[in-house]
Amino acid sequence: MSNMQRATEALRASKKVVFFTGAGISAESGIPTFRDKLTGLWTKHDPERLETAAAFRENPALIWSWYLWRRHQVGQAKPNAAHLAIPQLSNAGWEVSVVTQNIDDLHERAGSSQVVHLHGSLMDVKCFACHRPGKLTPAQLGIPEEGQLIEPPRCVRCNGKLRPGVVWFRENLPEGAWRSAVRLVKNCDLLISVGTSGVVMPAADIPNMALAAGATVIHVNLEDVGLDAADEIMLTGAAGVFLPALLRALGVGAPLPPDGLT
Ligand code: APR
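What you see is a predicted model, and the numbers here were worked out from it, not measured in a lab.

Colleague: Teacher, can you tell me more about the domain arrangement of the protein here?
Modeller: Interfaces are often described in size by the accessible area the parts lose on coming together. Domain assignment breaks the protein into domain 1 (1-31 + 79-119 + 173-262) and domain 2 (32-76 + 122-166). A straight line from the C-alpha centre of domain 1 to that of domain 2 covers 28 Å. Between domain 1 and domain 2, the buried area comes to about 1,000 Å², and carbon and sulfur atoms account for 64% of it. Among the residues of domain 1 in contact with domain 2, Ala-23, Ile-31 and Ile-103 are the three that bury the most area, contributing 51% of the side total. Counting the contacts that link domain 1 with domain 2 gives zero salt bridges. Here the side of domain 1 that touches domain 2 is composed, by residue class, of six nonpolar, four polar and three charged.

Colleague: Just checking my understanding: could you explain the sheet that holds strand E8 (residues 216-221) for this structure?
Modeller: As a general point, the strands of a sheet are linked pairwise by backbone hydrogen bonds and lie either parallel or antiparallel. Spatially, six strands are ordered E3-E2-E1-E7-E8-E9 in an open sheet, and the strand pairing comes out parallel. On the outer flanks of this sheet lie strand E3 (115-117) and strand E9 (232-236), each paired with one strand and no other. On average, each strand axis in the sheet is inclined to that of its neighbour by 15 degrees, with strand direction left out of account. Across five bridges, the pairing between strand E1 (residues 16-21) and strand E7 (residues 190-194) is parallel. Directly across from Val-18, in E7, lies its bridge partner Leu-191. Sitting on the sheet, helix H1 (residues 3-13) is in contact with E1, E7, E8 and E9, with an inclination near 125 degrees to E9. Docked against the sheet, helix H6 (residues 81-91) engages E1 and strand E2 (95-100), running at close to 155 degrees with respect to E2.

Colleague: Would you explain the packing of H1 against helix H10 (residues 239-249) in this entry?
Modeller: Packed helix pairs are characterised by how far apart their axes lie and by the angle those axes make with each other. Contact geometry of H1 with H10 gives a least axis separation of 10 Å together with a crossing angle of 65 degrees. Here H1 and H10 pass one another in a crossing that is right-handed. Each of Met-4, Ala-7, Thr-8, Leu-11 and Arg-12 in H1 lies in contact with H10, whose residues at this interface are Phe-242, Ala-245, Leu-246 and Ala-249. Across the contact of H1 with H10, the residue classes break down as seven nonpolar, one polar and one charged.

Colleague: Help me out: how do you make sense of the site of the ligand in this one?
Modeller: Phe-34, Arg-35, Thr-196, Ser-197 and Asn-221 are the nearest of the 22 residues found near the ligand. One of the backbone nitrogen or oxygen atoms of Phe-34 is found 2.8 Å away from an oxygen atom of the ligand. For the ligand, the accessible surface in isolation is 730 Å², of which the surrounding protein chains cover 94%. Its residues assigned to classes, the shell around the ligand comprises eight nonpolar, 10 polar and four charged. Residue-level mapping places the shell around the ligand at the junction of two domains, with at least three residues from each of domain 1 (1-31 + 79-119 + 173-262) and domain 2 (32-76 + 122-166).

Colleague: Is there a simple way to explain the environment of Leu-227 in this structure?
Modeller: Within the element layout of this structure, Leu-227 appears in the loop between E8 and E9. Looking at Leu-227, the relative accessible area reads 57%, which means it is exposed. With 19 residues separating them in the primary sequence, Leu-227 and Asn-208 have C-alpha atoms 9.3 Å apart. For Leu-227, the contacting residues outside a window of four places in its chain are Asn-208 and Glu-232.

What counts, and at which threshold
- For every chain, the first residue of its written sequence is number 1, and the numbers climb from 1 along that sequence.
- The predicted origin of the model limits local features to residues at a pLDDT of at least 70 and limits the giving and counting of side-chain atom pairs to 80 or more, whereas totals for whole chains, interfaces and linings rest on all residues.
- The basis for every side-chain value is the complete set of heavy atoms in the structure, and neither hydrogens nor water enter the calculation.
- Those domain boundaries reflect an automatic or database domain assignment.
- By convention, the term buried area covers the 1.4 Å-probe accessible surface removed from two parts as they join, with the contributions of both added.
- Salt bridge criterion: a side-chain nitrogen from Lys or Arg within 4 Å of a carboxyl oxygen from Asp or Glu.
- Gly falls in the polar group here, along with every residue not listed as nonpolar (Ala, Val, Leu, Ile, Met, Phe, Trp, Tyr, Cys, Pro) or charged (Asp, Glu, Lys, Arg).
- A pair of strands is considered paired only if DSSP assigns at least 2 bridges between the two.
- Secondary structure elements follow DSSP: runs of H or I no shorter than four residues count as helices, runs of E no shorter than two count as strands, and numbering proceeds from the N terminus.
- Axes here mean lines fitted to C-alpha atoms, for a helix over just the part in contact, with angles spanning 0 to 180 degrees between N-to-C directions.
- Every residue pair with non-hydrogen atoms within 4.5 Å of one another is taken to be in contact.
- By convention, the crossing between two helices is left-handed when the near helix turns anticlockwise from the far helix through less than a right angle, and right-handed when the turn is clockwise.
- The rule for a residue being near a molecule or strand is that one of its heavy atoms must lie within 4 Å of it.
- Here a polar contact is taken to be a pair of N or O atoms separated by no more than 3.5 Å, where protein atoms must pair a possible hydrogen donor with a possible acceptor and residues adjacent in sequence count only if both atoms sit in side chains.
- Throughout, the Shrake-Rupley method with a 1.4 Å probe supplies accessible areas, and for residues the shown protein chains are the sole cover considered.
- Three labels apply to residues, based on accessible area from a 1.4 Å probe with only protein chains included: buried if under 20% of the type maximum, exposed if over 50%, partly exposed otherwise in between.

Rendered as structure tokens:
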């Protein structure tokens, strides 16, 4: 039996499905991943330098401007076929949740409702000083010109600087998000890990957590990232191809145009 057939049978037999996603699921929407040599965001930046509280403290305007630019980039992007396949499975009767490491809102814009953001969201801001959530006016969402640095707005409560509502290196994951993720992962029949290099803990431990809880794990990635456990299935290829193909194999979701992939 091919891996695609094994994956189709595992999905057919499941009820509770968790999609665990990383930057790779948004790559086909034009959002750069982190570690891809060519397109990775970080070929130009040193992540340890930019994605930290220390970097924000040192140069708040640089970090704030970078996030404004990334937020704009996400706003220009559209959910791709992989994002769209997930709510289709839920509409067909499966109990579907999404646990994502991504800070974009493409899952929500694709129609997924149960989305847990382990690393926060580009759409949220909070105060760097008092940690209270903040709100931005449309004027504060202006896109920096090339090379322009914009000072972060101020917290209305304590006048501290507002920062992106994302998790930086050496910061803890949002308490509630991690707890929800663990509960979903330990109670699912099937975890479909899509587009993650599996290098950043504790999120990277999620597939093993699912296996340990007796679930089957399907990996969808351009590279073979599977650990070859008995209940682990590797689908090597693009998320935007494999997720719709899995649904079609089950007779779910929009049929292919006549010249489409089988
Ligand atoms: N389809 C499937 N997989 C893809 C695709 C695609 N079209 N394009 C890229 N990939 C895979 C790559 O092979 C890689 O394994 O997606 C993965 C992206 O890995 P990373 O860039 O490391 O992104 P991610 O795993 O989400 O990083 C985890 O690290 O930097 C932190 O907070 C950041 O949330 C991020 C975390």
